[in-house]
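# Architecture and fold: a report
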Amino acid sequence: MIKMGIIGWGGMGHFHYRTVTNKIARMEVKGAYDINPEKKADMLETGIIAYDTADALLQDPEIDLVLVSTPNN
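Residues numbered from 1 in each chain as written. Predicted model: local features only at pLDDT ≥ 70, side-chain atom pairs only at ≥ 80, totals over all residues. Heavy atoms only, no water.

## Topic: the nonpolar core
Note that soluble globular proteins tend to have their nonpolar side chains buried in a common cluster. Counting residues in hydrophobic clusters, the biggest one holds 11 residues: M4, I6, W9, Y17, V20, M27, V29, A32, M43, I48 and A50. Mapped by element, the contributors of at least two residues to this core are β1 (2-7), α1 (11-23) and β2 (27-33). The dominant element in this core, judged by the number of residues it contributes, is β2, at three residues. Apart from residues lying up to four places away in sequence, M43 is in contact with W9, A32, Y33, D34, I48 and A50. In this structure, I7, Y33, Y51 and L57 belong to the second largest nonpolar core, which totals five residues. (Core = buried A, V, L, I, M, F, W, Y, C linked by side-chain atoms within 4.5 Å. Buried < 20%, exposed > 50% of the residue type's maximum accessible area, 1.4 Å probe, protein only. Helix = DSSP H or I, 4+ residues; strand = E, 2+ residues; numbered from the N terminus. Contact = heavy atoms within 4.5 Å.)

## Some thoughts on the environment of M1
Summarising the element assignment, M1 is placed in the segment before β1. By relative accessible area, M1 is classed as exposed at 61%. Along the primary structure M1 and G47 are separated by 46 residues, whereas in three dimensions their C-alpha atoms are 17 Å apart. Beyond its immediate stretch of four places on either side in the chain, M1 contacts A25, R26, M27, E28 and D64.

Right under this line is the structure:
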């Protein structure tokens, strides 16, 4: 099983979460991080870890893949 983390929990972060969860059997989203602390509740509602920092997500030894879903600017 490939475990993925997502940095950026906006519209595209949700899109990628749903895609992985519904269509890719060998991959799961372990957790996510967003600069906006108000997004944590939404992450927790989906059943994933809401990391306090991007570094915490990047340092998690169980994360195999990180998807960066932040605004272009």
